[in-house]
Amino acid sequence: MSYFSGTVSVAVAVVLAALKLTKNKLSDHTFVFQGAEEAALGVAQLLIMAMAKEGVSHTDAVKKIWMVDSKGLIVKSRGHLNYEKEEFTHDHPQIKTLEEVMQTTKPTALIGKAAIGWVFTEKILKDMASFNERLIIFALSNPTSTGEQSDMGHGIFASGSPLKKVTLADGCTFHPGQGNNACVILGVALGIITCGVRHISDDIFLTAEAIADMVTEEHLAEGRLYPPLGSIREVSFKIAMKIVDYAYEHGIAAWYPEPKDKEAFVLSHVYNSDYDSFTLDSYTWPKEAMKVQDVQLLLHPPPPPLVSSSLREIHKTPPCLAHLLLI
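Residues numbered from 1 in each chain as written. Predicted model: local features only at pLDDT ≥ 70, side-chain atom pairs only at ≥ 80, totals over all residues. Heavy atoms only, no water.

**Some thoughts on the nonpolar core**
In terms of nonpolar packing, the biggest core is built from 72 residues, with Leu26, Phe31, Phe33, Leu47, Ile65, Met67 and Phe138 touching the most fellow members. If one sorts the elements of this core by residue count, helix H1 (residues 6-22) sits on top with 11 residues. For Ile65, the residues in contact, after removing those within four places along its chain, are Phe31, Phe33, Ala44, Leu47, Ile48, Met51, Phe88 and His90. (Core = buried A, V, L, I, M, F, W, Y, C linked by side-chain atoms within 4.5 Å. Buried < 20%, exposed > 50% of the residue type's maximum accessible area, 1.4 Å probe, protein only. Helix = DSSP H or I, 4+ residues; strand = E, 2+ residues; numbered from the N terminus. Contact = heavy atoms within 4.5 Å.)

**Description of a negative patch on the surface**
A contiguous patch of negative charge, built from Asp245, Glu249, Asp261 and Glu263, is present on the exposed surface. Locating Glu249 in the fold gives a position in helix H10 (residues 232-249). (Patch = residues over 30% accessible without salt bridge, like charges linked within 9 Å, V, L, I, M, F, W, Y side chains within 5 Å. Areas by Shrake-Rupley, 256 points an atom, 1.4 Å probe, with all protein chains shown as cover. Salt bridge = Lys/Arg side-chain N within 4 Å of Asp/Glu carboxyl O. Lys, Arg positive; Asp, Glu negative; His and termini not counted. Charge placed at Lys NZ, Arg CZ, Asp CG, Glu CD.)

**Quick word on the sheet that holds strand E9 (residues 177-178)**
Taken together, 7 strands build an open sheet; the order of strands is E3-E2-E1-E4-E5-E6-E9 and the sheet is mixed. Of all strands in the sheet, those with a lone pairing partner are strand E3 (72-73) and E9, marking the two edges. Relative to strand E6 (residues 156-159), strand E5 (residues 136-139) runs parallel, the two being bridged by 4 bridges. Pairing of Ile136 across the sheet is with Ile156, part of E6. (Pairing = 2+ DSSP bridges.)

**Concerning the pairing of E5**
Alternating residues of E5 divide into Ile136 and Phe138 and Ile137 and Ala139, and every residue in both groups is buried. Of the pairings in the sheet, the one linking strand E4 (residues 109-112) to E5 comprises 4 bridges and is parallel in character. When the sheet's bridge partners are listed, Gly112 is paired in E5 with Ala139.

**Considerations on the pattern of salt bridges**
According to the stated counting rule, one finds 9 salt bridges in the structure shown. The partner of Lys126 in a salt bridge is Glu122, and the shortest N-O contact between them spans 3.0 Å. In this pair, Lys126 and Glu122 both sit in helix H6 (residues 122-130), 4 residues apart, roughly one turn of the helix. One salt bridge connects Lys123 with Asp127, and the closest N-O pair in it is separated by 3.1 Å. Placement of both Lys123 and Asp127 in helix H6 is noted, with a separation of 4 residues, approximately one turn of the helix. Residue classification places Lys123 among the partly exposed positions, given a relative accessible area of 39%. What makes Asp127 buried here is its relative accessible area of 17%. One salt-bridge network, held together by shared partners, links Glu37, Asp69, Arg78 and Lys85.

**Concerning the pairing of strand E2 (residues 65-69)**
In terms of residue burial, E2 counts as a mostly covered element, since 5 of its 5 residues are buried. As paired elements, strand E1 (residues 31-34) and E2 share 4 bridges and run parallel to each other. Across the sheet, Val32 pairs through a bridge with Trp66, a residue of E2. Relative to E3, E2 runs antiparallel, the two sharing 2 bridges. Counterpart to Val68 in the pairing with E3 is Leu73.

Written out as C-alpha cells, the structure reads:
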C-alpha cells in the first residue's frame, strides 16, 4: 500500500506503547480518526494487521475503527467515497461533528491526522474521560502550529510535533512524546539493505513493535510513549534485527547463505563515524635542542717542516692554512 511509511508505523508504535498503561489488548479498543486521508488510512490499515496477530478477523477489526473527514462520519449512506474510505464505512446514520461522533461511538482512543488545529475541544476530552479510565489522545498532525496540548490528568498523550513539557496541578511533569518517523525509517532502511529485501511487504512496517518494546516504565512515568531520540541508534538496530529475522523466516531475503550471527551481520552494516584522522603526523624538537649553541674553534700549532719535494709549495702558505690542507 502506497501510504505505508515510517509515519504510519510510528503512529501504530505509540498505540502499542499505550497498551502498557491500559493493561489490555489492542482489540479491546475502539478508535476514532479525525481525518481520513492517506496517513490516517495507513494507520488504520496497520492497526487491522496488528489486531490480526491477536486473532481478530478483518471484518471485526474494521468495526473498531471509525473515520471522520471534512464531511463528518464515514458511513455507508454517503456517496462518492473512494475505495480506501469505503472499507471503513459503517451502517450508521450520518453524523456531522466530531463531538457527536465521540458521544455516539464512545471510543477509547482518538487519533488526529487532519492537520487542523484546535479540533480536540475541552468538551470532547471531558466526554472521553467520562467513559474511559485512561483516555488515549494522539494529536499526530503536523506542523507544530496545528499541534494541541492540554492538561488531561489521567490521559495518555502523544503528538506529531515537538511540544513543551507540562506540569500538572499535583506537581507531576510530563514530557509529550513526539511521533517522529526517524524512530522507524532508519531501522527499516538498515534491515532492508542488510539482507537485500527486494519486495517490501506491508508486514515490514509492523516492526513498530520494536519501538513499543523499548519504552520503559521510567519513560511511561514521564509521559513518554516513545524512547528518547538520543537512543535512535539502539532503536534502529532493534528494528533492523526484527526485519532481518522476518526476511529470512519468510524467504524474502536476497543475501545467502543466511548469517549465523545476525547481530554481528547487522552491526557490520552500521555506519561508524569513528574514523582515522587524515592529518599528517608532526613532531617538534626538544626545547633544549632548539637553543643556540656556542661553538669554539680550536687552532692547532703548525706541523713540523716537511722535507718531501712534493710539499715544498706548502711551506710557502700561512701556517694555519697549511695545517688545514694537510688535514
